[in-house]
Amino acid sequence: MLIQQFRYDNYRLHQLGNNSVFTITLQAGLSAIKTPQCYKEDGSSKNPDCPVCSKSLNKLAQPLPMAHCANSRLVCKISGDVMNENNPPMMLPNGYVYGYNVSVEIIVLLKANTAAVVI
């Protein structure tokens, strides 16, 4: 009890927090990149490059607030390329949206497979 009181008073005297600088920095970083997709149950929307989507950091980030993204960007699920003016989003007949570059490759593959089947 006396040790805890000493630490509390010492922190207040020197205006220090109870958490380490590493903990505060880690929480700020995780909160900045945390999105609702990191906590979907199906697992298909989790990004393998996202630190919050990993099992260990996912539990640490759970009580933290979500990131507020005023600007968003579309990323092609197949190629991982950002969809922009050079790679515009294209919707295929199945309803999924991919980048134009991948869509062209898929159409070429489908035509090649159809031609092989017809012959």
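So, how was this worked out
- Residues numbered from 1 in each chain as written.
- Predicted model: local features only at pLDDT ≥ 70, side-chain atom pairs only at ≥ 80, totals over all residues.
- Heavy atoms only, no water.
- Helix = DSSP H or I, 4+ residues; strand = E, 2+ residues; numbered from the N terminus.
- Rg over C-alpha atoms; globule rule 2.2 N^0.38 Å.
- Contact = heavy atoms within 4.5 Å.
- Buried < 20%, exposed > 50% of the residue type's maximum accessible area, 1.4 Å probe, protein only.
- Domains from an automatic or database assignment.
- Core = buried A, V, L, I, M, F, W, Y, C linked by side-chain atoms within 4.5 Å.
- Expected span 1.5 Å × (residues − 1).

If you check an unreviewed UniProt entry, the protein appears there as MAEA protein from Centropus unirufus.

S.K.: If you had to explain the overall build of the protein to someone new, which residues and values would you point to?
M.R.: In terms of helices and strands, the protein carries four helices and four strands. Overall, the protein shows an N-to-C arrangement of helices and strands of α-α-α-β-β-β-β-α. Against the 2.2 N^0.38 benchmark of 14 Å for 119 residues, the protein shows a C-alpha radius of gyration of 24 Å, more extended than a compact globule. Projecting the C-alpha coordinates of the protein onto the three principal axes gives extents of approximately 85 × 30 × 20 Å. Counting contacts in the protein only where the partners sit at least 6 residues apart, residues at least 24 apart contribute 29% of the total.

S.K.: I'd like to hear about unusual backbone geometry, residue by residue, with values.
M.R.: Unlike most non-glycine residues, Q15 shows phi in positive territory, near 55°. Along the chain, Q15 turns up in the loop between α1 (2-13) and α2 (21-33). Using a relative accessible area of 74% as the deciding quantity, one classes Q15 as exposed.

S.K.: Give a detailed account of the domain arrangement of the protein, specifying residues and quantitative values.
M.R.: The assigned domain composition of the protein is domain 1 (1-62) and domain 2 (73-118). When each unit is reduced to the centre of its C-alpha atoms, the spacing between domain 1 and domain 2 is 38 Å.

S.K.: Summarise the nonpolar core; cite the residues concerned and give the values.
M.R.: Ranked by size, the top nonpolar core spans seven residues in total: L30, C38, C50, V52, C53, A61 and L64. When neighbours within four sequence positions are excluded, C38 is seen to be in contact with K46, C50, V52, C53 and N58. If you look at the next biggest cluster of nonpolar residues, it comprises five residues, including C76, M83, Y98 and V102.

S.K.: Break down α1 for me, citing the residues and quoting the values.
M.R.: It helps to recall that an α-helix has 3.6 residues per turn; residues three or four apart then point in one direction. For α1, built from 12 residues, the straight-helix expectation of 16 Å at 1.5 Å per residue is met to within 8% by its first-to-last C-alpha distance of 16 Å. Counting buried positions along α1 gives zero out of 12 residues, so the element sits mostly on the surface.

S.K.: Describe in detail the environment of N101, supporting the description with residues and values.
M.R.: One can find N101 in helix α4 (residues 100-118). Once the C-alpha coordinates of N101 and S79 are considered, the two residues, 22 residues apart in sequence, prove to be 8.9 Å apart.

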